[in-house]
Amino acid sequence: MKGSTRPFDPGRLLYGGDWNPDQWPREVWLEDIDLMQEARVNTVTVCPFSWASLEPAEGRYEFGWLDDALELLTRAGIGFFLATPTASPPPWFTLAHPDALPVTADGVRLRHGSRDTYAIAAPSYRSACRRMARSLAERYGLHPGLRGWHVHNEYGTIDYGPYAERGFRSWLKQKYATLDELNAAWGTAFWSQRYGSWDEILPPVATQYLPNPGLVVDFRRYSSDEMRSACLEQIAQLRSAGSHAPVTTNFMLPDWNNLEQWSWADGLDVVSLDHYLDSATAEAEAHVAYGSDLARSWSNGPWILMEQNATQIKLDGRALPKEPERTIRDSLGYIARGSQSCMFFQWRASTAGAEQWHSGMVPHVGKDTEGFRTIVHLGEILERLEEVHLPPADGPVVKADVAIVWHADGWWALETPDLPSSDITYRGELRAIHRALRALGIVTDFIAPCACLESYRLLVVPCLYPMDERTAAWIESFARSGGTVVVTYLSGLADSAMRILPGGYPGRLRDLLGISSQSLRPLQPGTQLILRSELGPDLEVTDWTEHVRLNTAQAVYSFLTGPLTGSPAITRATVGAGTAWYISTHLTQSSEQALWNLILRDTGIDPTIVGAAPLGVEAVVRRSRDADFLFLMHDGDVDVDVTAPGPDLISGNDYSKGGLLAAGSCAVIRIAPDAATAVSISAHKP
Ligand code: GLA
């Protein structure tokens, strides 16, 4: 899967954050090193945005300050990820190369003044990036403190300018070979859009009315591939300069997605993720689990948490406090699910510049704060988790029975305009399913279409709107050989060129599912309908319904209310030795959970620790070389009694005869391979 075949093992859990010495006077560097030692920080990410300090004028490099900063770190025993600072070209660069500035879909050429302002396919930008990567690798590639390369920062700027136009056309030539193929795939006979020459094709720039959906999705695929080539070019420079340190680039998990992560992961030694909470309620922990499961899956094993919020959560224009217990719980949550690190943005909160109100491990106020005390406490805890980072000799770092299909195509397809409903988002649907499974105590992997399914019992296919024949065959063969497949609405409606497959929805999967939808019937906002079954509680649905006709499937739930009363809504078919479910409607969150409870019972899949999740205790087993580690993150309200065969590395409590785990707190219990006592968790009895 990845550039390196060995799981990423940095030799310890990495602890720290982004450190930007060029933004501070030298006396602050010295204080930083003291405070890092106090907090037991062992790793920082250096200089993701320091291009202007490293190359203040074209070809004039100033590495002296970085030499000194790295020397200070190394003397203090602190390692570093060295970033290539190419996400933020300096003003001199864009004045010298105005053609390397990105153009928006509306045709506006952006100017410098912020960051990420580059046209990814511009030759002058690409060669400047290669030069920068090369210079850094030649100087620091064998530095003893170098833990890895952090290429660029959060690739993601989409350019619609002349270089993108040119790049898109050659990408399309590679893909379609002939214009006839392309015209057929995009259906350009519609609205007289037939292309008679490759040069007539434009990116999806502002146009009078709706653009072509096939073109829109292909442009997003091209943009991801173009950014990936830029990343691989930098990696080639690092390698040819003789540096063999692990390479990563940090993915983002925001509300937008411009990368196709599986192909990117192939070129990296390890995947890293920047994860910013989008809630200050218990939903935050569900989000931590979701981000971690994605990163571990993309990385095909251990991964790096490169950034998380430090002492605040930025939400809807407000900077809310991140409570100490949440900081500890979430940091352990990432590690439980395979992270080899606990890193923050950023080490010291900026006092100037665009992000002066983003928090830091050292807040503006200084070290005598609850925020910094939490960072020190977290450092102490992480030092107690000595063996956790050791990758298991074989098998996954976290074992999952359930795999959820993830592909950027699904995300991009649901963002094309004029679908039957604009209320459904890919991320919304995937998160709802992941949230429900987590709340039932189930750990999930995400999986690329057509990847190996050997270790899974249940495959979930949510909202994968475009689907090729190979993917459909892969899903079907999993069911035929005894697996359980659950497909949701908006999957398999189109081929990978975004052409609808006629003859009853979802064209690609209706034989497998044993149903045929006669019409798609999105609901008006605010409408809620009820489903009924003999097998489970009533369910509530909103936003989306379909008129489903049964072929070989049976109805599990049917509509109790609304115009489809009596029609099937959730179906189940026997396929070879396995089962295929179809969820044709959008469930409210509590109903989602109730349905998954039923599906898990039907499939015989049990939670990691029976009884933990209903009490608000998230239980995850992280496998390591010599033992398993049971992580318990308690976000419920009631203290619990725990019995488990081993010591809690955080408190030192031996849980083998039972002990208390207070609401809000965490335990990491080392379970030896031959442990006999079973784990039990129940509400605390005083
Ligand atoms: C991203 C970036 C950081 C910083 C944070 C906070 O993850 O990588 O440089 O901007 O967001 O906004």
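Just so it is clear, the model here is predicted, and its values are computed rather than measured.

1. Overview of the site of the ligand
Here is step 1: Looking at the ligand, the residues that line it are F49, R115, N153, E154, D274, Y276, E307, F345, E355 and H358.
Here is step 2: Between the ligand and the protein, one listed contact pairs an oxygen atom with a side-chain N or O atom of E154 at 2.5 Å.
Here is step 3: Between an oxygen atom of the ligand and a side-chain N or O atom of E307, the distance comes to 2.5 Å.
Here is step 4: Relative to its unbound accessible area of 300 Å², the ligand is 94% covered by the protein chains.
Here is step 5: Looking at side-chain class alone, the shell around the ligand contains three nonpolar, two polar and five charged residues.

2. Some remarks on the domain arrangement of the protein
Here is step 1: Assigned domains of the protein: these are domain 1 (14-89 + 120-156 + 234-383), domain 2 (402-603) and domain 3 (613-683).
Here is step 2: On the domain 3 side, the residues contacting the five residues of domain 2 number four residues.
Here is step 3: Here domain 2 and domain 3 share two salt bridges between them.
Here is step 4: The partner of R438 in a salt bridge is E618, with the nearest N and O atoms 2.9 Å apart.
Here is step 5: The interface formed by domain 2 and domain 3 contains one residue pair in polar contact (both at pLDDT 80 or more).
Here is step 6: In terms of residue class, the side of domain 2 that touches domain 3 is built from three nonpolar, one polar and one charged.

3. Side note on the packing of aromatic side chains
Here is step 1: Scanning all chains against the criterion turns up 30 aromatic pairs.
Here is step 2: When the centroid spacing of 6.4 Å and the interplanar angle of 20° are considered together, the rings of F168 and W186 count as stacked. Residue F168 is found in helix α6 (residues 162-176), and its partner W186 is found in helix α7 (residues 179-186); the two are separated by 18 residues along the sequence. Just as F168 is buried, W186 falls in that class too.
Here is step 3: A centroid spacing of 5.7 Å and a plane angle of 40° characterise the contact between F219 and Y222, whose relative ring orientation is tilted. Remark: Y222 and F219 occur in helix α8 (residues 213-240); sequence separation between them is three residues, near one turn of the helix.

4. Quick word on the packing of helix α1 (residues 26-39) against helix α3 (residues 64-75)
Here is step 1: Their axes nearest at 10 Å, the elements α1 and α3 cross at an angle of 25°. When the axis of α1 is compared with that of α3, the two are roughly parallel. α3 is crossed by α1, and the crossing has right-handed handedness. Contact residues: α1 offers R26, W29, L30, I33 and M36, while α3 offers W65, D68, A69, L72 and L73.
Here is step 2: Looking at side-chain class alone, the contact of α1 with α3 contains eight nonpolar, no polar and two charged residues.

5. Some remarks on a nonpolar patch on the surface
Here is step 1: Taken together, F190, W191 and Y209 make up a surface patch of nonpolar side chains, about 410 Å² in accessible area.
Here is step 2: On the basis of relative accessibility, which here comes to 57%, the residue F190 falls in the exposed class.

6. A few points about the pattern of salt bridges
Here is step 1: Throughout the structure, instances matching the rule amount to 41 salt bridges.
Here is step 2: Linking D409 and R221 is a salt bridge whose minimum nitrogen-to-oxygen distance equals 3.0 Å. Of this pair, D409 sits in helix α13 (residues 408-414) while R221 is found in helix α8, placing the two residues 188 residues apart along the sequence. One exposure class covers both D409 and R221, and it is buried.
Here is step 3: The shortest N-O distance in the salt bridge between R329 and E285 comes to 3.7 Å. In this pair, R329 is assigned in helix α11 (residues 324-336) and E285 in helix α10 (residues 283-299), connecting sequence segments 44 residues apart. Just as R329 is buried, E285 falls in that class too.

Cut-off values and rules
- Residues numbered from 1 in each chain as written.
- Predicted model: local features only at pLDDT ≥ 70, side-chain atom pairs only at ≥ 80, totals over all residues.
- Heavy atoms only, no water.
- Near = heavy atom within 4 Å.
- Polar contact = N/O pair within 3.5 Å; in protein donor to acceptor, adjacent residues only side chain to side chain.
- Areas by Shrake-Rupley, 256 points an atom, 1.4 Å probe, with all protein chains shown as cover.
- Nonpolar A, V, L, I, M, F, W, Y, C, P; charged D, E, K, R; others polar.
- Domains from an automatic or database assignment.
- Contact = heavy atoms within 4.5 Å.
- Salt bridge = Lys/Arg side-chain N within 4 Å of Asp/Glu carboxyl O.
- Phe/Tyr/Trp six-rings, centres within 6.5 Å; stacked < 30°, edge-to-face > 60°.
- Helix = DSSP H or I, 4+ residues; strand = E, 2+ residues; numbered from the N terminus.
- Buried < 20%, exposed > 50% of the residue type's maximum accessible area, 1.4 Å probe, protein only.
- Axes fitted to C-alpha atoms, helices over the stretch in contact; angles between N-to-C directions.
- Parallel < 35°, antiparallel > 145°, perpendicular 65-115°, else oblique.
- Left-handed = near helix turned anticlockwise from the far one by under 90°.
- Patch = residues over 30% accessible without salt bridge, like charges linked within 9 Å, V, L, I, M, F, W, Y side chains within 5 Å.

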